[in-house]
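One letter stands for each residue in the lines below.
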Amino acid sequence: MQQLNPNWDQLQQVRLPLLSHTCFLQIFYAFVASGAAVACCHFLGFGLFDFVLVYQKLKTEGSKNKPFRSSRTIRGDSDAPKSILGKRKVVPGSASDELEPFNVLTPTSSDFSLTRELAMDCEMVGVSSDGSKSALGRVTLVNKWGNVVYDEFVRPVERVVDFRSEISGIRPRNLYKAKDFQVAQKKVAELITGRILVGHALRNDLRALLLSHPKKDMRDTSEYPPFLKEKRRKALRHIASEFLGVQIQKGEHCPIEDARAAMMLYQKHKREWEKSAKDVSRLKKKQKKQKQKKSNKEAANDNRVSSAS
């Protein structure tokens, strides 16, 4: 060997260890694939004989070491990742391999359209001289899937004295570029018109918006009999904990989370709730007809009395 290559001893001591180095083999394979293997050997001080040794070593180690691959994905490559939205590979036994606890308030669909039912929740800030008067600071609407269709911070007409951040989660910076009250009011009115409005204590939210909504189209979790305790209203967080098994409002309130909880409560009891609403509607119509009939009868009697006299 020394006759064929005068530097054989040096190659044995210095260069041959490189041949067993995985990283070196991968880089060398890349040069082979690009047609620059000879230039690579020349740069490293290898001769033609060294190149043959390296190539033979590469072939024998080929089954042990996978060839170097570019980080770019090649179209049609069977080994290319087939995941969508950037799912990353999870290493078994790692922390990310553990399943996250399921949250029932997580939307079950990616549909962000306006559905027949919308849930609303508002957060208030304090206005007036002492901040005791409530004014709208944020309004959120979600569809029946729990996806947000409208969510805006609102700048009240009056000066804000108390942001009530510990409850509302609203801070001064949130109102710098907030929607004017009239703009938000108009938009919400457009969205809820002709739809079933779901929420908790909706009267308070509608009062803050200076809006009204037909009673027959309102589904208020604070008034639904199965959610009452001895005919007394309960907080939304207590209802959600009891009927959904989820904890909300543990600190600052999130209107998105609260609206989703109200919608989930409604969807879970929708059949019974709608049946009850229809029964109440029929009863009111019947009472209205009876009242109208009684009024007409009294008017007819008055006419007879006046004509007789």
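Draft legend 1. Structural context of the confidence of the model for the protein. Residue-level pLDDT values for the protein average 78, and 66% of them are 70 or greater. Of the regions scoring below 50 in pLDDT, residues 66–97 engages in 15 contacts with residues more than four places distant in sequence or in other chains.

Draft legend 2. Representation of unusual backbone geometry. Positioned with a positive phi, Arg 164 is a non-glycine residue whose angle comes to about 50°. Along the chain, Arg 164 turns up in the loop between strand E3 (148–155) and helix H5 (165–168). We note that Gln 249 has phi near 55°; this positive angle belongs to a residue other than glycine. Checked against the element boundaries, Gln 249 lands in the loop between helix H8 (236–243) and helix H9 (255–268).

Draft legend 3. Structural view of the environment of Ile 239. Mapping Ile 239 onto the fold places it in helix H8. Judged by relative accessible area, which is 0%, Ile 239 ranks as buried. A C-alpha to C-alpha distance of 8.5 Å links Ile 239 and Leu 265, two positions 26 residues apart in sequence. Setting aside its immediate chain neighbours within four residues, Ile 239 contacts His 200, Thr 221, Phe 227, Lys 234, Leu 244 and Leu 265.

Draft legend 4. Just the sheet that holds strand E5 (residues 196–199), in detail. In spatial order, the strands read E4-E3-E2-E1-E5-E6; together these six strands make up an open sheet with mixed pairing. Of all the strands in the sheet, just strand E4 (179–180) and strand E6 (218–220) have a single pairing partner and so form its edges. In the sheet, E5 pairs with E6 via three bridges, with the strands oriented parallel. The residue of E6 that forms the bridge with Leu 197 is Met 218. Helix H7 (residues 202–209) contacts strand E1 (117–127), strand E2 (133–142), E5 and E6 of the sheet and is inclined by roughly 65° relative to E1.

Draft legend 5. Structural view of H9. Look at H9: 20 Å from first C-alpha to last across 14 residues, which is about the 20 Å you get at 1.5 Å a residue. Residues of H9 that are buried: Pro 255, Ile 256, Asp 258, Ala 259, Ala 261, Ala 262, Met 263, Leu 265 and Tyr 266.

Draft legend 6. How the structure looks around the packing of helix H6 (residues 181–192) against H7. Where H6 meets H7, the axes come as close as 10 Å, and the angle between the chain directions of the two elements is 130°. In terms of axis orientation, H6 runs oblique to H7. Each of Phe 181, Gln 185, Val 188 and Ile 192 in H6 lies in contact with H7, whose residues at this interface are Leu 206, Ala 208 and Leu 209. For the contact of H6 with H7, the class distribution of residues is six nonpolar, one polar and no charged.

The rules behind these values
- Residues numbered from 1 in each chain as written.
- Predicted model: local features only at pLDDT ≥ 70, side-chain atom pairs only at ≥ 80, totals over all residues.
- Heavy atoms only, no water.
- pLDDT = per-residue confidence, 0-100.
- Contact = heavy atoms within 4.5 Å.
- Helix = DSSP H or I, 4+ residues; strand = E, 2+ residues; numbered from the N terminus.
- Buried < 20%, exposed > 50% of the residue type's maximum accessible area, 1.4 Å probe, protein only.
- Pairing = 2+ DSSP bridges.
- Axes fitted to C-alpha atoms, helices over the stretch in contact; angles between N-to-C directions.
- Expected span 1.5 Å × (residues − 1).
- Parallel < 35°, antiparallel > 145°, perpendicular 65-115°, else oblique.
- Nonpolar A, V, L, I, M, F, W, Y, C, P; charged D, E, K, R; others polar.

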